[in-house]
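Coordinates in review
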Amino acid sequence: MAKIEIKGSPEELERVATFLANNNIKFDIVNDYGNHSLEDLDKYADLINKFSAAVPEK
């Protein structure tokens, strides 16, 4: 397993996740429990739910 950490806003993470999903690259979005605003925490939770099944297991 390799890991890439995206530093930035939820919008930047969504752009990267969308690219990966569109290119059938398996990935997981995990909560890093960092210091985020309540609004950003909600956005990250939405992304985790949105992309949790984005790329099916082979």
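Quick summary incoming for the structure in this document.

Rules and cut-offs
- Throughout, residues of each chain are indexed from 1 in the direction in which the sequence is written.
- The predicted nature of this model means local features are confined to residues of pLDDT at least 70 and side-chain atom pairs, given and counted, to a pLDDT of 80 or more, with totals for whole chains, interfaces and linings taken over all residues.
- Side-chain numbers here rest on the full set of heavy atoms in the structure, without hydrogens or water.
- Centre distance within 6.5 Å is the pairing criterion for rings of Phe, Tyr and Trp, where only the six-membered ring of Trp is used; planes under 30 degrees apart are then read as stacked, over 60 as edge-to-face, and the remainder as tilted.
- Helix and strand definitions follow DSSP, with helices as H or I runs of at least four residues and strands as E runs of at least two, each counted in order from the N terminus.
- Between buried and exposed lies partly exposed: a residue is buried under 20% and exposed over 50% of the maximum accessible area for its type, with that area taken using a 1.4 Å probe on protein chains only.
- Between the first and last residue of a helix there are one fewer steps than residues, each counted as 1.5 Å, and that sum is the expected span.
- Working definition: the arc comes from the directions between the helix axis and the C-beta atoms, pointing outward to the latter.
- Whether two residues are in contact is decided by their heavy atoms, any of which lying within 4.5 Å being enough.
- Helix axes are fitted to C-alpha atoms over the stretch in contact, other axes to C-alpha atoms as well, and angles between N-to-C directions run from 0 to 180 degrees.
- Each angle is binned into one of four classes, with values under 35 degrees roughly parallel, values over 145 roughly antiparallel, values of 65 to 115 roughly perpendicular, and all other values oblique.
- Only Asp, Glu, Lys and Arg are considered charged in this grouping, and only Ala, Val, Leu, Ile, Met, Phe, Trp, Tyr, Cys and Pro are considered nonpolar; every other residue, Gly among them, is considered polar.

**Side note on the packing of aromatic side chains**
We describe a pair of aromatic rings using the distance from one ring centre to the other and the angle between the two ring planes. Applying the stated criterion across every chain, the model contains one aromatic pair. Taking 5.9 Å as the distance between ring centres and 50° as the angle between the ring planes, the aromatic pair formed by Phe 27 and Phe 51 counts as tilted. Here Phe 27, found in the loop between helix H1 (10–22) and helix H2 (38–51), pairs with Phe 51, found in helix H2; they are 24 residues apart in sequence, far enough to count as distant. Accessibility expressed as a relative area gives 16% for Phe 27, which makes it buried.

**Observations concerning H2**
The periodicity of an α-helix, 3.6 residues per turn, causes residues three or four positions apart to be oriented the same way. Taking 1.5 Å of rise per residue, 14 residues should cover 20 Å, and H2 covers 20 Å from first to last C-alpha, within 8% of that figure. Among all positions of H2, only Tyr 44, Leu 47 and Phe 51 are buried. Down the axis, H2 shows its buried residues gathered within 60° of arc, on one side only. Among the exposed residues of H2, those oriented more than 90 degrees off its buried face are Leu 38, Glu 39, Asp 42, Asp 46 and Asn 49. Contacts from the buried residues of H2 go to H1.

**A closer look at the packing of H1 against H2**
Packing of H1 against H2 brings their axes to within 10 Å, and their N-to-C directions diverge by 10°. Judged on the interaxial angle alone, H2 and H1 are roughly parallel. On the side of H1, the interface is formed by Pro 10, Glu 11, Leu 13, Glu 14, Ala 17, Thr 18 and Ala 21, while H2 contributes Asp 40, Lys 43, Tyr 44, Leu 47, Lys 50 and Phe 51. Among the residues forming the contact of H1 with H2, the class breakdown is seven nonpolar, one polar and five charged.

This is a description of form; function is not addressed.
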